[in-house]
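Residues per chain are reported as follows:
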Amino acid sequence: MDYRQSAKEILEAIGTSGNLVSAAHCATRLRLVIADNSKVKKEVLENVDGVKGVFEAQGQLQIIIGTGTVNKVYDEFIDLAGVAAASKDDVKAAAASKAPWYKRMIKTLGDIFVPIIPAIVATGLLNGLLGGLSRAFPHLSDSYFFGLLNLFSNAALVFLPILIAVSAAKIFKGNIYLGAVIGMIMIHTDLVNAWSVGDGAETTTLWSWFGLWDIQNTGYQGHVIPVVIAVFLMCKLENWLHKKVPEVIDLFVTPLVTVLVTGFLTMTLIGPVFATVESWVLKGATSLITIPFGIGAFLMGAVYAPTVVAGVHHMYNAIELSMLAANNMNIWMPIATAANVAQGAAALAVALKTKQKKLKSMALPASLSAFLGITEPAIFGVNLRFMKPLIAGMIGGACGAAVASIMNVYATANGVTGVFGFLITTESFVGYLLTFVVASAVAFIVSWALWQDEKPQEAPAAPAPAPAEVKEEVKEEVKEEVKEEGPSDIIIASPLKGNAIALADVPDDTFASGVLGQGAAVEPSEGLVVAPGDGEITTLFDTKHAIGIQLDNGAELLIHIGVNTVEMKGEGFEAFIKEGDKVKKGDKLVKFDIDKIKASGYSTATPVIVTNTDDFADVTHVTTGSVEQLADLVKITK
Amino acid sequence: MKTFDYVIKDEIGIHARPAGNLAKKCKEFASVITIAKGEKEAGATKLMAVMGLGVKCGDTITVKAEGEDEDAAIEAVKEFLEANL
């Protein structure tokens, strides 16, 4: 079929794009929001090639086209109609924008700094290596070759504002080259280098605000936040201009005005103000962690892990970069290392002490990855769950950080902690090693002492099964684990025997549209619903036609027997379970009378819906056609 | 925070479809919206939790909204309840 032709005919039938508010599509349908429904010619729409049906629901005009085709028609459609594509991603982005402002800000900072870490790591590692070499062979540092390598080792820091500007422009959706220009202006070679100013170089006044406030011709070497703010302003201005400036002159007017205005504001206002603010923040952070006798570092080492839990740690990149840019001494990183390896050691104690296979198999790799600098698995997967290991890790982190502070440990890069941190701390090898050992040892010992292994949690739930069954259950549990930790797909088994159909084909808009969540449906051939997996019954309606079940694998299911069967008030339904019951895969849940449902004039199609669809990347049905009980029905991608 | 009480008039109470549509409506707002029946409280966007309240005809529910757009949210929920339940 000709997608473009169909799209064109659809557009004409709905009264052209003037009558179109927004367009999206799901797996099978175009979903259009229409300004004036009376202008829509339904009969014409229904006869368009490829259109299988048209109806209105939830304020949308839904045009059924079919899997694999709908997206192609949609692409042509939005192209012809000239509207922006609205997709599920927009909805997700909108959800993200609902986070509180400070969380969004911290996330944005993280998004800007994380992509440039490779550049900092490369130069930082080289810097560390050169430092080590020149101490081992003092005459080497006089050679030209060393000078050459030295260029590589600090280029990224010398031109850091440009890297940050490019990354920020990308995040704030501006032109990255214009962003780079703003960064370049800020460290232009005609300006006096900020580092030389610190050493006493002369500066002259560039501009004066009413004779009250003089702006010096100083560069912004060593500054991070002013660059981010300047580029943020630039992107807002650029995008605003793109909208306002007529297209014929947009190409030269917009960049010109953008750079002119942003550059001026940056050099005279944003730069000076935020450079001052930044130096306060940096001074604050530095003086906090350099409170004498390691007290400050001790405190920071203790609260570091909780700040990871809160997600604030993305901000630390800014502090570390500022420190590096200021004097190439990152004294934050050793504290991070202490905190990270301590969490790893605390998790390691759990891994070695526990007799629960599942916990052991999770805690061990989590602990190792923490030693390599990635702490989330250890913190979230193990330590936070039991709290005591987290506290042990905080104590270890505090002690290690105190050692680092007393021994004046510093790094020459950021973005690397733990074992690999040795590569960027060659200047203070012994101190770093001690930091590492003290943090790990203290955390391990405290965690070992505080944390007591729990009896397997599943035990009290099951009503003391016979010994033979226990074995089988253990086997099943092991299998479940493999599934969970595998490539993160969850398969939901069919609770009914019958004919599987797509959710979109259920003769009810609410289910078909996926408002309640994605999933599949079964037209039953036998009137029995069984548990599709191990879990707990969270809801059973008085009318017994709908069952809510929380599965142990994280999925929340709604099994809704028939459509509109709520009207039957429970007649023809018999439940074997009640709310709060724990069930095993295959347990009988509800028996129902198919003929009675049919006789009452209702559809027997039984939607099986993952009601927490939003928690997963994707939920799709696996099969259509004949299904056996407990055959694979729905696939959840995490 | 905004709050109001509502007595359910629908014969069947809050079952799957209205709970789903309510959840969808509530997701449009930044505010945290909750529905309480007696002691039990549920996040309005959590379909299962809302259904788990077991709200029947004649029951009184308390709707709460807290957040930057709480006024709009509470109005929308009120409208929804009056039209559907």
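Residues numbered from 1 in each chain as written. Chains lettered and ligands numbered in written order. Predicted model: local features only at pLDDT ≥ 70, side-chain atom pairs only at ≥ 80, totals over all residues.

**What to know about the overall build of chain A**
Phase 1: When helices and strands are tallied, chain A shows 22 helices and 20 strands.
Phase 2: A buried classification covers 43% of the 638 residues belonging to chain A.
Phase 3: Across chain A, the fraction of contacts at a sequence separation of at least 24, relative to all contacts at a separation of at least 6, is 72%. (Helix = DSSP H or I, 4+ residues; strand = E, 2+ residues; numbered from the N terminus. Buried ≥ 20, exposed ≤ 12 C-beta atoms within 10 Å, placed from the backbone. Contact = placed C-beta atoms within 7 Å.)

**A short note on the sheet that holds strand 18 (residues 618-621) of chain A**
All names here are of chain A.
Phase 1: Across the sheet, which stays open at both edges, the 3 strands sit in the order 7-20-18 with antiparallel pairing between neighbours. Every interior strand has two partners, whereas the edge strands, strand 7 (489-493) and strand 18, have only one. Here the strands of the sheet are splayed against their neighbours by 20° on average, with no regard to which way each runs.
Phase 2: Across 5 bridges, strand 7 lies against strand 20 (residues 632-637) in antiparallel orientation. Counted as the bridge partner of Ile491 is Lys635 from strand 20. (Pairing = 2+ DSSP bridges. Axes fitted to C-alpha atoms, helices over the stretch in contact; angles between N-to-C directions.)

**Some words on the interface of chain B and chain A**
Phase 1: Listed per partner, the contact involves 12 residues of chain B and 14 residues of chain A.
Phase 2: For the side of chain B that touches chain A, the secondary structure elements donating two or more residues are helix 1 (16-27) and helix 2 (47-52) of chain B.
Phase 3: Top element by residues in the side of chain B that touches chain A is helix 1 of chain B. It accounts for 5 residues.
Phase 4: The class makeup of the residues in the side of chain B that touches chain A is 6 nonpolar, 4 polar and 2 charged. (Nonpolar A, V, L, I, M, F, W, Y, C, P; charged D, E, K, R; others polar.)

**Focus on the environment of Ile335 of chain A**
Residues and elements named next belong to chain A.
Phase 1: Counting through the fold element by element, Ile335 comes out in helix 15 (residues 333-353).
Phase 2: Along the backbone, Ile335 and Thr417 are 82 residues apart, and their C-alpha atoms lie at a distance of 9.3 Å.
Phase 3: Ignoring sequence-local partners within four residues, the contact set of Ile335 consists of Ile289, Ala297, Met300, Gly301, Tyr304, Ala401 and Ala404.

**Regarding the nonpolar core**
All names here are of chain A.
Phase 1: With 106 residues, the main nonpolar core has Ala168, Val227, Val231, Ile335, Ala347, Ala401 and Ala443 as its most contacted residues.
Phase 2: By residue number, the principal contributor to this core is helix 15, which donates 14 residues.
Phase 3: Of the residues that make up this core, three or more belong to each of domain 2 (159-281) and domain 3 (292-450).
Phase 4: Among all residues touching Ala168, those that are not within four sequence positions of it are Ile112, Gly179, Val227, Val228, Val231 and Phe232.
Phase 5: In terms of nonpolar packing, the next biggest core, distinct from the first, is built from 74 residues, Ala504, Leu557, Leu558 and Leu633 among them. (Core = buried A, V, L, I, M, F, W, Y, C linked by C-beta atoms within 7 Å. Domains from an automatic or database assignment.)

**A look at helix 12 (residues 247-289) of chain A**
Phase 1: Given a rise of 1.5 Å per residue, 43 residues ought to cover 63 Å, yet the end C-alpha atoms of helix 12 of chain A are separated by just 53 Å, more than 12% below that figure.
Phase 2: A maximum bend of about 55° is found in helix 12 of chain A at Thr266 of chain A. (Expected span 1.5 Å × (residues − 1). Bend = angle between axes of the 7 residues up to and from the residue.)

**Focus: the confidence of the model for chain B**
Phase 1: Scored by pLDDT, chain B has a mean of 84; 100% of the residues are at 70 or more.
Phase 2: For this predicted complex, the interface confidence comes out at an ipTM of 0.71, alongside a pTM of 0.44. (pLDDT = per-residue confidence, 0-100.)

**A short note on the packing of helix 12 of chain A against helix 14 (residues 316-327) of chain A**
All names here are of chain A.
Phase 1: Packing of helix 12 against helix 14 leaves a shortest axis separation of 10 Å and a crossing angle of 95°. Here helix 14 runs roughly perpendicular to helix 12, going by the angle between their axes. Counted together, Glu278, Leu282 and Ala285 of helix 12 and Ile319, Ser322 and Met323 of helix 14 form the full contact between these two elements.
Phase 2: Taken together, the residues of the contact of helix 12 with helix 14 sort by class into 4 nonpolar, 1 polar and 1 charged. (Parallel < 35°, antiparallel > 145°, perpendicular 65-115°, else oblique.)

**Brief notes about the sheet that holds strand 2 (residues 32-37) of chain B**
Residues and elements named next belong to chain B.
Phase 1: One open sheet accounts for 4 strands, arranged 1-4-2-3; its pairing is antiparallel. Two strands in the sheet have a free side with no partner beyond their single neighbour: strand 1 (2-7) and strand 3 (40-43). With direction set aside, neighbouring strand axes in the sheet form an average angle of 20°.

**Here's the deal with helix 9 (residues 176-186) of chain A**
Since there are 3.6 residues in each turn of an α-helix, residues three or four apart along the chain are aligned in direction.
Phase 1: Buried within helix 9 of chain A we find Leu178, Gly179, Val181, Ile182, Gly183, Ile185 and Met186 of chain A.
Phase 2: Each element contacted by the buried residues of helix 9 of chain A is listed here: helix 8 (160-171), helix 11 (225-244) and helix 12 of chain A.

**Notes on the packing of helix 9 of chain A against helix 12 of chain A**
Residues and elements named next belong to chain A.
Phase 1: Helix 12 packs onto helix 9 with a crossing angle of 35° between their chain directions and a minimal axis gap of 10 Å. Classified by chirality, the crossing of helix 12 by helix 9 is right-handed. Residue-level contacts link Leu178, Val181, Ile182, Ile185 and Met186 of helix 9 to Pro255, Thr258, Val259, Thr262, Gly263, Thr266 and Gly271 of helix 12.
Phase 2: Of the residues in the contact of helix 9 with helix 12, the class split is 7 nonpolar, 5 polar and no charged. (Left-handed = near helix turned anticlockwise from the far one by under 90°.)

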